[in-house]
Structure formats: C-alpha cells, structure tokens
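Here's the letter readout for the chains.
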Amino acid sequence: MMTPDRTATFGARECDEGIVRCDACPVLCRIRPGRAGACSRYANQDGRLVRTDPLVLMQRTLEGGGKVVPFAEGANAWDGALAADTFVTGIGSGTTYPDYKPAPFIVAGEHEGVDTVTVVTEGIFSYCGVKLKIDTDRHLGPETATVRARGEPVGHVTTAEYGSQMLSIGGVRHLTGGSKKEGNVTCETLLSLCGKEAVELAIDGGATLTVQAGRAPIVNGRPEERMRVGCGSATIGIFAQQWHGHVDEVIVVDDHITGVLTEHQAGRCLGMRPAGIRVRGRRSTPGRYFQVANPGTGWGGTDITEPLSIIENIDGKTAWPGLRLLLTSTTGEDALYCVLDEELRPVPAAMPDAVARTVGRIGENCEPALTTVLFMAGAGGSLRAGVTENPVLLTRSVKDMLVRVTMGGAPAFIWPGGGITLMVDVLGLPDAAFGYVPTPALVAPIEFTMRREVYAALGGHTGHAVPLAEVLAAYGEAARREPWPAGSPWPAAPGSAR
Ligand code: SF4
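A brief look at the structure comes next. (Residues numbered from 1 in each chain as written. Predicted model: local features only at pLDDT ≥ 70, side-chain atom pairs only at ≥ 80, totals over all residues. Heavy atoms only, no water.)

**Digging into the overall build of the protein**
Part 1 of the argument: Regarding its fold elements, the protein presents 10 helices and 37 strands.
Part 2 of the argument: Counting only C-alpha atoms and orienting by the principal axes, one finds that the protein spans roughly 95 × 50 × 40 Å.
Part 3 of the argument: Counting the 498 residues in the protein, one finds 52% classified as buried.
Part 4 of the argument: Contacts spanning at least 24 positions in sequence make up 67% of the contacts within the protein whose residues lie at least 6 apart.
Part 5 of the argument: With an accessible surface of roughly 21000 Å², the protein has 51% of that area assigned to carbon and sulfur atoms.
Part 6 of the argument: Each charge class in the protein can be summarised by its mean position, and for the 46 positive and 54 negative side chains these summaries are 4 Å apart. (Helix = DSSP H or I, 4+ residues; strand = E, 2+ residues; numbered from the N terminus. Buried < 20%, exposed > 50% of the residue type's maximum accessible area, 1.4 Å probe, protein only. Contact = heavy atoms within 4.5 Å. Areas by Shrake-Rupley, 256 points an atom, 1.4 Å probe, with all protein chains shown as cover. Lys, Arg positive; Asp, Glu negative; His and termini not counted. Charge placed at Lys NZ, Arg CZ, Asp CG, Glu CD.)

This is the structure in structure tokens:
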C-alpha cells in the first residue's frame, strides 16, 4: 500500500517557465504559475498541479445521522472509531483521465470486521443529462418540443407522468452534436441544475419555466403550488362518497381524463341518478372522457377558462330543474357550483359549505408541487479502468450487487441491462458536488464500495489501496467535511457490499 500523491495521480507534467500541463481531461491546459486551468478545477501552485476544490469527507454518527466533528487535534484525531464513520467522496478527488491510471483514492477500510475497499474518483461524463420532474397540471408544451436555455436547444419535453411533466435536459447529442454554443449552454444548464440552482427554460410552443431542485416550479411567471390529487377519473373515485347527497353531478376537468360522477362506476355504485349532462370530448369508458379541450394552462391542464364550455349538451329527458352541479379542477384550485334553472341552463350559485368542504379536501390532498432533478449518466465507459484492469468485471459486479455505487455518498440507481447507467437525485449530494470541463462534459463524483476480496477478484488496483486512516491523516485537515444524511444507507453496510 502507498500513500497517494495526488499531484502524481493527476499525471501533471512540468513544462518550461514553471508552466504545468494538466492532463486531467482532454483539453490539456498549460497552466502558468498561480493560475487555474480552463475549468477552474485545477491550478498551478508553485509548479505543482493541484485540485482547487477540497476533498469532501462525510461523517456519520452511530445513530446514523450526520455530525461534523471539528478537526482540532491533528491527524490522529481521525484514528479509530471516527475514521470508521468517515466516507471519502469523489468530490474534489480528481479524475483518472486518460483513464489508464488507478483512481485518485482507493480507500481500504473496515466495516463491522469486514475489510472493504472504496474506489473514489471524479468521472468525466460526456454521456449525461438530467431528467426533470415538474409537478404541475399545466400544459408546459407538446411532447418532443424543444426546451431552450438562453435560446439554445438543451433538451425536450417527454411524457407526462401522474401529476408531473417530465423534461429531458442534456444528453450527448446536445453536448456534442450541435453548435459549440449549444454544447456549452447545455453544459452550463446541467451544471446549474445539478448544483441545485434555479434555471430559466423556454419550451417551443409552450411555457416559460423557472426550475430548481426541491423548489416549486414557476410556470409562466406563476409559482405552482399544488400537485393534483389524481386524474379526473381518480378524483371522482376518491371523493364520490363525500359528494353523494350534496350534489347531483360533478365534472372534474382534466386534460387527460375528465371524470363525470353519475356516469362513472363510482356514481353508479352509489346509486346516483343519471344527470344527463354530456361533456365534450371522446368517451373512453363510462364517466371517463378524453380530449375534452386543448391542452393549456387553464382548468386541469386544459385551455378551458370558462368551465361551462366543457358541457356539450344537457338532455332534457334526464336532467331536471334544480339539479346541483359542481365543476372542479384536479387540484381544487378552480371550482364552480351551479344549479340548473327551469330551462335546464346551469346558473352559477353560492357554493354550499358542505360542497366547499369537499373542494377544500381536494386541495388538502394535493402535495406541494416540486421540481425534481435526477442526474443520469453512463459510467460504463473508460472510468472503469481507474477501478480495475478488466472493466467488464466491474460492470458485472455492479449488476450482481457485489459493488455499491454512490455519487458523493448518495445511492445511485443502476439501470438493468448493459453498462453502468445510473441515476441519482441531486438533492442527495453535498453542495458544489458537480463540475465541468470545456470539452464540454460534466464532472461528477462517483464511488464504488465493495468487500476487499471482491475488489481483488475483479482485478482491482489493490496495490494502490490506502488505509482510510492514512488518507485522513494526509488530507483530512484540508478537507471539507459534510454530515452524512440521516437515513441514507452507509455504503459499506451489509446488504450492499456483500
Ligand atoms: S479543463 Fe480543467 S481538467 Fe481539463 S486540462 Fe484544463 S485544467 Fe485540466
């Protein structure tokens, strides 16, 4: 075992006039003394190449929650139990480019008597992007429409999920397949989103957005508040019993599936009398209508702002004067109560308290609207060489769950199938975890944790493994320390690195 010399690990090569060549990415900056390279991640400090951001260590308490312990008593303070509860993240660790070198840190540790190894690096991801989940009913734009940042195409609209609109931002085509400006703006947008910052986006033929991980989306300048309780049909099913006896008909307006109570199976089961009010659109199944209007930012994600316009006709043989009708959106933010007059025309009326309570209950059952940012990337490429001489064995070991993959300590979801295609919630990582290189590509921390014998079996660079205490003694004082998130699984815990 050897103590890593991070400068040597980065593969710096000194040139004339104190200039240092950085080979931590394909840009190969020549950095003058006292200056930083193009990405600001590396600098020339007295003729040595140094990583400008501190290594990030995460600490946990025995209870599982995070607690940062002051580093005040010298390197020995990291010995023993404290070291055992410290995790070396890839943040600030450096990269392995051009990838034949071992990872910057290969940390040998022990967990409950089991010898473990954590391979720690920063990956350069040309194949990466984010999936944005935007909790809103409002129509943000047609599926496949281009999403722009500062006028440049950086992604597209994908499917609507249940109460959310998904956007795909980034990906290798935007990073490399368009103009240089498109690639750079895409990279900046991804970096901001992964850095938990607010980003302005505009969708062709759709809305303008301000999105930020963990915050409410702002659609066309208006902060979204509620994530709908369900589609129109589900809303009918959930609240049918509570409406029964207080109204004679309910129409829940929804761009996807508008629900009509007395036609719906829920109303039938309750023995409700048919109301004879036919809504526009295509009848799918009883009480469930598709395409009642165009998508928009009106009621229930439609373009409807005059809710009675959803009614196609009222059957004079079935409806009756005095029929009590409630129209509501799937969030309860929009609602109208009407009573049919003698000509069977719906006339808006004061909403009775009992009905208003049901509308309030819809709102109560809506969760706060948020933006979720999942970083998605392929780690199946060359960075695996920093872990092992035989990369496919790492891929297989990850698939066999012999290796736990984390990013800045946050558990990564690994897609089935080939390669190591992963996703991680950016809110699970410490701040300032991501960087970039101007190729352009994103730089993200990644750690592979496993039993020592697993690492040996997959052809790992075992000769470069360094005891955790030595890493902490060498780098602990200058490191940035972050608390381990309560509830997040410890990478070396049983059930992960078996
Ligand atoms: S862009 Fe950054 S990582 Fe790449 S060579 Fe320059 S300083 Fe090094």
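**Examining the pattern of salt bridges**
Two side chains with opposite charge may pair up if their charged atoms get near one another.
Part 1 of the argument: Applying the stated criterion across every chain yields a total of 21 salt bridges.
Part 2 of the argument: Across the salt bridge formed by Arg41 and Glu122, the nearest N and O atoms sit 3.3 Å from each other. Remark: Glu122 occurs in strand β9 (residues 114-125) and Arg41 occurs in the loop between β3 (30-31) and β4 (42-45); sequence separation between them is 81 residues. Judged on exposure class, the residue Arg41 and its partner Glu122 are both buried.
Part 3 of the argument: The salt bridge partner of Arg138 is Glu224, with a shortest N-O separation of 2.6 Å. (Salt bridge = Lys/Arg side-chain N within 4 Å of Asp/Glu carboxyl O.)

**Brief notes about the pairing of strand β26 (residues 335-340)**
On any regular strand, side chains alternate: one points to one face of the sheet, the next to the other face.
Part 1 of the argument: Examined bridge by bridge, strand β25 (residues 324-329) and β26 share five bridges and lie antiparallel to one another. For Leu326, the partnering residue across the bridge sits in β26 and is Tyr337.
Part 2 of the argument: Hairpin connection from β25 to β26: five residues lie between these consecutive antiparallel strands, with Gly332 at a positive phi of about 75 degrees.
Part 3 of the argument: Where β26 and strand β27 (residues 346-348) come together, three bridges link them in antiparallel fashion. The partner of Val339 across the bridge, within β27, is Val347. (Pairing = 2+ DSSP bridges.)

**Remarks on the environment of Leu468**
Part 1 of the argument: The residue Leu468 is located in helix α10 (residues 468-475) in this model.
Part 2 of the argument: Residues Leu468 and Ala84 lie 384 residues apart in sequence; the distance between their C-alpha atoms is 8.0 Å.

**Thoughts on the sheet that holds strand β22 (residues 282-285)**
Part 1 of the argument: Here we have seven strands laid out as an open sheet, ordered β22-β23-β20-β19-β25-β26-β27, and mixed in their pairing. For this open sheet the edge positions go to β22 and β27, each flanked by a neighbour on one side alone. Mean inter-strand twist for the sheet, computed between neighbouring axes without regard to direction, equals 25 degrees.
Part 2 of the argument: As paired strands, strand β20 (residues 258-260) and strand β23 (residues 288-290) are joined by two bridges and run antiparallel to one another. When the sheet's bridge partners are listed, Gly259 is paired in β23 with Arg288.
Part 3 of the argument: The sheet contacts of helix α5 (residues 232-243) involve β19 (249-253), β20, β23 and β25, and relative to β19 the element is tilted by about 150 degrees.
Part 4 of the argument: Packing of helix α7 (residues 353-364) onto the sheet brings it into contact with β25 and β26, and relative to β25 it is tilted by some 20 degrees. (Axes fitted to C-alpha atoms, helices over the stretch in contact; angles between N-to-C directions.)

**Remarks on the sheet that holds strand β10 (residues 128-135)**
Part 1 of the argument: Taken together, 11 strands build an open sheet; the order of strands is β17-β16-β15-β14-β11-β12-β13-β10-β29-β33-β32 and the sheet is antiparallel. Unpaired on one side and paired on the other, β17 (222-223) and β32 (413-414) mark the two borders of the sheet.
Part 2 of the argument: For strand β12 (residues 152-161) and strand β13 (residues 164-170), the ladder comprises five bridges, and the chain directions are antiparallel. Note that in β13 the partner of Val157 across the bridge is Leu167.
Part 3 of the argument: Of the strands in this sheet, β10, β11 (146-149), β12, β13, β14 (199-203), β15 (208-211) and β29 (371-378) are in contact with helix α4 (residues 180-194), which crosses β12 at around 50 degrees.

**So, α5**
Part 1 of the argument: For α5, spanning 12 residues, the distance from its first C-alpha to its last is only 14 Å, which falls clearly below the expected 16 Å at 1.5 Å a residue.
Part 2 of the argument: Looking at α5, one finds that the buried residues are Gly232, Ser233, Thr235, Ile236, Phe239, Ala240 and Trp243. Taken around the axis of α5, the buried residues stretch over an arc of 150 degrees, which confines them to a single face.
Part 3 of the argument: Directly beyond the C-terminal end of α5, a positive phi value near 95 degrees is found at Gly245. (Expected span 1.5 Å × (residues − 1). Arc of directions from axis to C-beta.)

**Things to note about the pairing of β11**
Part 1 of the argument: Residues Val147 and Ala149 point to one face of β11 and are all buried, whereas Thr146 and Arg148, pointing to the other face, are not buried.
Part 2 of the argument: Where β11 folds back onto β12 in an antiparallel hairpin, the turn is made up of two residues, including Arg150, whose phi is positive at roughly 50 degrees.

**A closer look at unusual backbone geometry**
Part 1 of the argument: Omega for the peptide link from Thr439 to Pro440 comes to -5 degrees, which places this bond in the cis form.
Part 2 of the argument: Secondary-structure assignment places Pro440 in the loop between β34 (435-437) and β35 (441-451).
Part 3 of the argument: Even without being glycine, Arg150 reaches a positive phi, approximately 50 degrees.
Part 4 of the argument: By the secondary structure assignment, Arg150 is in the loop between β11 and β12.

**Quick look at α4**
Part 1 of the argument: For α4, spanning 15 residues, the distance from its first C-alpha to its last is 21 Å, which sits close to the expected 21 Å at 1.5 Å a residue.
Part 2 of the argument: For α4, every residue scored as buried is listed here: Glu182, Gly183, Val185, Thr186, Cys187, Thr189, Leu190, Ser192, Leu193 and Cys194.
Part 3 of the argument: A positive backbone phi angle near 65 degrees is found at Lys196, which sits one or two residues after α4.

**With respect to the side chain of Thr449**
Part 1 of the argument: Residue position: Thr449 is located in strand β35.
Part 2 of the argument: The exposure class of Thr449 is buried, given its relative accessible area of 1%.
Part 3 of the argument: At a separation of 3.0 Å, a polar atom in the side chain of Thr449 contacts the side chain of Thr118. (Polar contact = N/O pair within 3.5 Å; in protein donor to acceptor, adjacent residues only side chain to side chain.)

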